[in-house]
Amino acid sequence: MTRHLLDVTDFTVDEVNAILDMAEAPIDSLGAPLTGKGASLIFEKPSNRTRHSMEMAVVQLGGHPVYTRGEEVGFDTREPVEDVARIMAGYHAVVAARVFEHSTVERMAGAVDADGASVPIVNMLSDWSHPLQAFADALTMRQRLGQLVGRTVAYIGDYANVARSLAEISLLLGMKVRLACPTGFDADEAELERLSMIGDGDIAQTTRPPEAAEGAHAVHTDTWVSMGQESEKEARRRAFEGYAVDGTLMGEAADDAIFMHCLPAYRGFEVTADVIDGPRSVVFQQGHNRMHAARAAIAFVLDAASSSNPADFSTSGAVR
Ligand code: CP
Ligand code: NVA
């Protein structure tokens, strides 16, 4: 069966650990599985880290990345999402997309599966989740903190795509997750219940940032205004007053706590400059780890696809 990468929860804890190990392994140990093959990278939203880390990860695996803006393929305007996915799966060994609606990547996976094509669909950020970010976050925490089981990760701010994937991977890896989010921008009861079923499920939420940060080993945040929410900028900035990660809040965390942010960051809003540019910040290691995590995640799903379904779907001898 083709392994897609739509969410962290598509993977077991052993698989997540395997991907993190692969991310730290020498590049040539992954065996260049994309040699002579393509990777389609479709972006409905802007990107710096995800585009570059994915393009370089594909190159490091021996493949050729093809970048396309969302308006060029025109999901559900120029042609149906399913038709885009089916065509791409005939050209490429992996198809990745950054989308407004999570259902888009789910529909792409469904279309590819319906055709029996062994082409993984990779979510490069949706309104629901950002799993590639979470793999890099976990890799960075592991490199900085060592053993993660029982450690505490605090997330301060908007409970959105990045926070959800971070919570999922942290829980899978046996960490305690503490969320501090304003009412209306938090995880609802059903979501907290869902999270509590992942790993050991040590999840708690508060509206008070110091409570979440207390004793935490890693303090994370994300922008208060995600891509597509620009019209809500002023209202959101008012709603998140008091949720900035500053030196005082970091003072609540463990003595050796690290500060993390997926970037892009807005200094003076969700984080103060002294924190993000200070000695506890690991945001650039975290950003650079996007490439190592992406390379490992792509190699993992490709290997799973080829070992479980070795049949060549093509009828024309085309490489894919
Ligand atoms: N963190 C992240 O996904 O960054 P980009 O939006 O620049 O890809
Ligand atoms: N939550 C942010 C993350 C950017 C990497 C967004 O969706 O815009």
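Report on the accompanying structure. (Residues numbered from 1 in each chain as written. Chains lettered and ligands numbered in written order. Predicted model: local features only at pLDDT ≥ 70, side-chain atom pairs only at ≥ 80, totals over all residues. Heavy atoms only, no water.)

1. Describing the overall build of the protein
Thought 1: Scanning the protein from N- to C-terminus turns up 13 helices and nine strands.
Thought 2: Radius of gyration (C-alpha) of the protein: 19 Å, near the 20 Å computed for a compact globule of 320 residues.
Thought 3: C-alpha extents for the protein along the principal axes are approximately 65 × 40 × 35 Å.
Thought 4: Classification of the 320 residues of the protein by burial places 55% in the buried group.
Thought 5: In the protein, the share of contacts with a sequence separation of at least 24, taken over all contacts with a separation of at least 6, comes to 81%. (Helix = DSSP H or I, 4+ residues; strand = E, 2+ residues; numbered from the N terminus. Rg over C-alpha atoms; globule rule 2.2 N^0.38 Å. Buried < 20%, exposed > 50% of the residue type's maximum accessible area, 1.4 Å probe, protein only. Contact = heavy atoms within 4.5 Å.)

2. A look at the site of ligand 1
Thought 1: In the region of ligand 1, the neighbouring residues are Ser47, Asn48, Arg49, Thr50, Arg98, His130, Gln133, Cys262, Leu263 and Arg290.
Thought 2: Arginine 290 has a polar side-chain atom sitting 3.1 Å from an oxygen atom of ligand 1.
Thought 3: In terms of residue class, the shell around ligand 1 is built from two nonpolar, five polar and three charged. (Near = heavy atom within 4 Å. Polar contact = N/O pair within 3.5 Å; in protein donor to acceptor, adjacent residues only side chain to side chain. Nonpolar A, V, L, I, M, F, W, Y, C, P; charged D, E, K, R; others polar.)

3. Some words on the pattern of salt bridges
Thought 1: Per the stated rule, a full pass over the model turns up 16 salt bridges.
Thought 2: When the shortest N-O distance is used, the salt bridge between glutamate 15 and arginine 3 registers 2.9 Å. Highlighted residues: glutamate 15 in helix α1 (residues 13-24) and arginine 3 in the segment before α1, separated in sequence by 12 residues.
Thought 3: When its relative accessible area of 16% is taken as the criterion, arginine 3 is described as buried.
Thought 4: Taken together, the shared-partner salt bridges connect Arg164, Glu168, Glu191 and Arg194 into one network. (Salt bridge = Lys/Arg side-chain N within 4 Å of Asp/Glu carboxyl O.)

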